[in-house]
Amino acid sequence: MYTLGEHDKDILIDTPTENREAAISLARQARSSINLFTRDLDPRLFDNAGFEQSIFTLARSHHSADIRILTMDSGRARQQGHSLIRLAQKLTSSVFIHNPAREYSHVISTFLVVDRKGMLHRPRSTSTDYDAVVNYMAPERAAELQDFFNEMWERSTPDSQIRRLHISKQLIFNSE
């Protein structure tokens with residue numbers, strides 16, 4: 001078991017299972033922030049009880065936690081009932097999902113930055129390429145990824161397709 005903020009060792013991984021386990025391990029140890037950039041919320045990595053529970057625990061335990069997700073396309077994830085979308089709909093003041101500006105459509109990586117220390121980075125995010133590096137204490141590289149994430153976040157917009165619609169019964173009855 002690697003500990004966030006202590007183990008400075010690049011761990012090379014190359015399977016969806018290893019990526020999923022690394023994401024869960026990093027997220028489970030988060031104390032202040034989780035920032036995820038993913039093209040499509042890859043369900044093999046991020047649609048599981050362990051990752052969802054880690055996000056939920058951080059959001060509920062640390063009210064000032066920063067939990068932000070940038071995704072190019074949430075369409076398939078929405079259709080399949082992705083757990084992170086459901087969580088963002090429940091925790092509307094804690095978990096945010098945005099779409100980056102079109103100028104970032106060329107970015108093909110997936111990365112997760114936790115507490116500006118730990119990171120999981122897949123430089124080529126395709127359905128067959130799961131080569132990634134994980135490091136639990138890489139503040140310089142985590143800061144570079146975080147800075148790039150922040151740049152994209154500043155130019156992003158909330159993913160309007162995942163907002164939960166609350167329709168008042170009063171409104172429905174008044175319109176009949």
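Right above here is the structure, for reference.
First, a word on what this report is: a plain description of the structure on this page. Because the structure is predicted, anything quoted here is derived from the model rather than measured.

**Digging into unusual backbone geometry**
Phi angles above zero are rare outside glycine, and D115 is one such case at about 55°. By relative accessible area, which is 10% here, D115 ends up buried. In this structure, R116 is a non-glycine residue whose phi angle is positive, near 55°. Structurally, the position occupied by R116 is in the loop between β5 (110-114) and β6 (118-122).

**Here's the deal with the pattern of salt bridges**
Inspection of the entire model under this criterion finds nine salt bridges. One salt bridge in this structure joins R76 and D40, with 3.2 Å as the shortest N-O distance. Here D40 lies in the loop between β2 (33-38) and α2 (43-46) and R76 lies in helix α4 (residues 75-79), a separation of 36 residues in the sequence. One salt-bridge network, in which partners are shared between bridges, spans R124, D129 and D131.

**A word on the environment of E52**
Looking at where E52 falls in the secondary structure, it is placed in helix α3 (residues 49-61). Considering only alpha carbons, one finds E52 and L120, 68 residues apart in sequence, at a separation of 17 Å. When near neighbours in sequence (up to four residues on either side) are disregarded, E52 contacts S83, R86 and L87.

Here is what the cut-offs are and how they apply
Residues numbered from 1 in each chain as written. Predicted model: local features only at pLDDT ≥ 70, side-chain atom pairs only at ≥ 80, totals over all residues. Heavy atoms only, no water. Buried < 20%, exposed > 50% of the residue type's maximum accessible area, 1.4 Å probe, protein only. Helix = DSSP H or I, 4+ residues; strand = E, 2+ residues; numbered from the N terminus. Salt bridge = Lys/Arg side-chain N within 4 Å of Asp/Glu carboxyl O. Contact = heavy atoms within 4.5 Å.

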